[in-house]
Structures are given as C-alpha cells and as structure tokens.
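Residues per chain are reported as follows:
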Amino acid sequence: MSTAILGRKIGMTRLYDDGGNNVPVTVVQAGPCFVSQVKTAETDGYDAVQLAFEDLKARHSTCPLIGHDTKAGIAPKRFRREVRLEDGGAAGYEAGQEITVESFADVKFCDVIGISKGKGFQGPMKRHGFAGQEASHGVERKHRSPGSIGGRSSNLGTGKPKKGIRMGGHMGAERVTVRSLKVVGIDKDKNLLLIQGPVPGPKQGLLYVREATRLYKGKAKIAKAG
C-alpha cells in the first residue's frame, strides 16, 4: 500500500540542519492508526484498507460504527479514511493491524491533505488577488470594488452574470492538498512526524499524510537514492 496515515496538526517550530540552516517544520501527531476494514477484489470489487484514528468514548459514537470497529477488534474511533491499493495489495493487511509513524522512516517526500482555515465572506481583492482601483485624488470610493462583471445581455440573453465569474464570497474551509513536502524526521516514541514547511488547516486540524504520488526530477532523484 502507498504509505499513509491520519494525524492532527500540532503546530510549527524550527530545526537546524547540519549546515546550521534554519528549517521551518510542521509537527504532526501521526497515528497510531488501526486497520478497521480490509477490502478485496473478491468481496468488494477492488482492494483497499480503511484506517481508523483517535479513540472516542462509545457514547459519542453510534451503534453501527461501534459494531464496525468491534468487528475489527479495536476500540471506537473518531475518524476513518479509505486507502486504495493496487490489485492484490490488501493481502498483507488484516483487521486490527496497527499503523504507526515508523512506516514513514524511509519516506523522503509526502503529500498532506487537510481542510484549510475558514475566512468567512471576503471581497474579491483578498479572495482572488485583484489589484483594486487607483487610490489617487479624484477616484470614487470604490477602491476595493471588483469593477465590471461583464455585459449580462451576452449570457444567452438571460440577464444574469456568467457562471464562474470571480466575485466576493465564502473563502477557505475547503479541501487542500500540498504536494511533495520533505519529511524531515520522525519521533517513534511520541508518534510525531516532522514535515518541512506549512500544511493546510488550523492547529489540531485533521490531516491525511501519504507518500508523495508524483515528484519532479530533482526530488525524484533524491527519493530514488534513498
């Protein structure tokens, strides 16, 4: 299976490499996760494993989910995530198996998926990076307005703005994937994963970390060298 794990974002700190350079890193409380279900091509039509993360009091769960976790021999969990595998890839896994941060010991680069911070309703300058209008003398008080939204009559005669036009609206709180981040190190005792650079979401936000699925030539060469 492609190396993957669930965790929570703890925050950011810094490390110093062998050359004395300041490296900003994000600390992720990664796992331990447990395999709550194994899917195979014979029973489900495809191969996959379901990872479960973070203990949960039974009264905060539901009877179907409690039974689902009990069938795998694990305590009730808060989060679950399915990881697709290649054909026959599920043969090496069994329900109740523990997945720890040690699985990232030999991983050089990873992808991090999370929900970005919600920023509420924002105008077009912040949401889309518009430059705004001039702030010189004589300009009407429309410095941060979006400007024209186009001729509405050209939209098939409906009189409505064209779909997809960039305007003010809800910003953030959406799924974001940051690719090919360097794995600086792991702490096996504390289940910590150190990733270079920032990752999506607020502190204590849920993250899905997987081995990088695509790399540019430079990083691919480093990953291949091991």
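Shown above is the structure to which this text applies.
Being a predicted model, the structure only gives us computed values, none of them experimental. (Residues numbered from 1 in each chain as written. Predicted model: local features only at pLDDT ≥ 70, side-chain atom pairs only at ≥ 80, totals over all residues. Heavy atoms only, no water.)

Taken as a whole and judged by the stated rule, the model has one aromatic pair. Over the ring of Tyr208 we find Arg81; its NZ or CZ atom is 3.9 Å from the centre of that ring. (Phe/Tyr/Trp six-rings, centres within 6.5 Å; stacked < 30°, edge-to-face > 60°. Lys NZ or Arg CZ within 6 Å of the ring centre and 35° of its normal.)

Another point: the side chain of Lys77. Note that Lys77 resides in strand β5 (residues 77-84). Owing to a relative accessible area of 6%, Lys77 belongs among the buried residues under this scheme. Only 2.3 Å separates the side chain of Lys77 from the side chain of Asp55, close enough to count as a polar contact. Every residue in contact with Lys77, bar those within four places of it in the chain, is listed here: Phe34, Ala52, Phe53, Glu54, Asp55, Leu56 and Asp69. (Helix = DSSP H or I, 4+ residues; strand = E, 2+ residues; numbered from the N terminus. Buried < 20%, exposed > 50% of the residue type's maximum accessible area, 1.4 Å probe, protein only. Polar contact = N/O pair within 3.5 Å; in protein donor to acceptor, adjacent residues only side chain to side chain. Contact = heavy atoms within 4.5 Å.)

Strand order across the open sheet formed by four strands is β5-β4-β3-β6, with antiparallel pairing between neighbours. Single-partner strands in this sheet number two, and they are β5 and β6 (98-99). As judged from the seven bridges shared by strand β4 (residues 48-55) and β5, these two strands associate in the antiparallel manner. Each bridged residue has a counterpart across the sheet, and for Ala52 the counterpart in β5 is Arg80. Its contacts with the sheet place helix α2 (residues 63-71) against β3 (33-39), β4 and β5, and it is angled at close to 60° to β5. (Pairing = 2+ DSSP bridges. Axes fitted to C-alpha atoms, helices over the stretch in contact; angles between N-to-C directions.)

Summed over the entire model, instances satisfying the criterion amount to zero disulfides. Looking at Cys33, it has no disulfide partner, and the nearest cysteine sulfur is the one in Cys110, 14 Å off. (Disulfide = S-S within 2.5 Å.)

Looking at the element boundaries, Leu206 is found in strand β12 (residues 206-211). Taking relative accessible area as the criterion, Leu206 reaches 31% and is therefore assigned partly exposed. For the pair formed by Leu206 and Ile10, sequence separation is 196 residues and the distance between their alpha carbons is 9.9 Å. Excluding residues within four positions of it along the chain, Leu206 makes contact with Gly7, Arg8, Phe53, Phe79, Ile113 and Gly114.

The next thing to look at is the pairing of strand β2 (residues 22-30). Regular strands place their side chains on alternate faces of the sheet. In this structure, strand β1 (residues 4-16) lies alongside β2, joined through nine bridges in antiparallel fashion. Considered in β2, the bridge of Arg14 is made with Pro24. Linkage of β1 to β2, two consecutive antiparallel strands, is achieved through a turn of five residues, within which Gly20 is found at a positive phi near 80°. Note: β2 against strand β11 (residues 192-196), five bridges, orientation antiparallel. Its bridge partner being in β11, Val25 is matched across the sheet by Gln196.

A barrel is described by the order of its strands in space; here six strands give the closed sequence β1-β2-β11-β10-β7-β12, paired in antiparallel fashion. Across the sheet, the mean angle separating the axes of adjacent strands is 50° when strand polarity is ignored.

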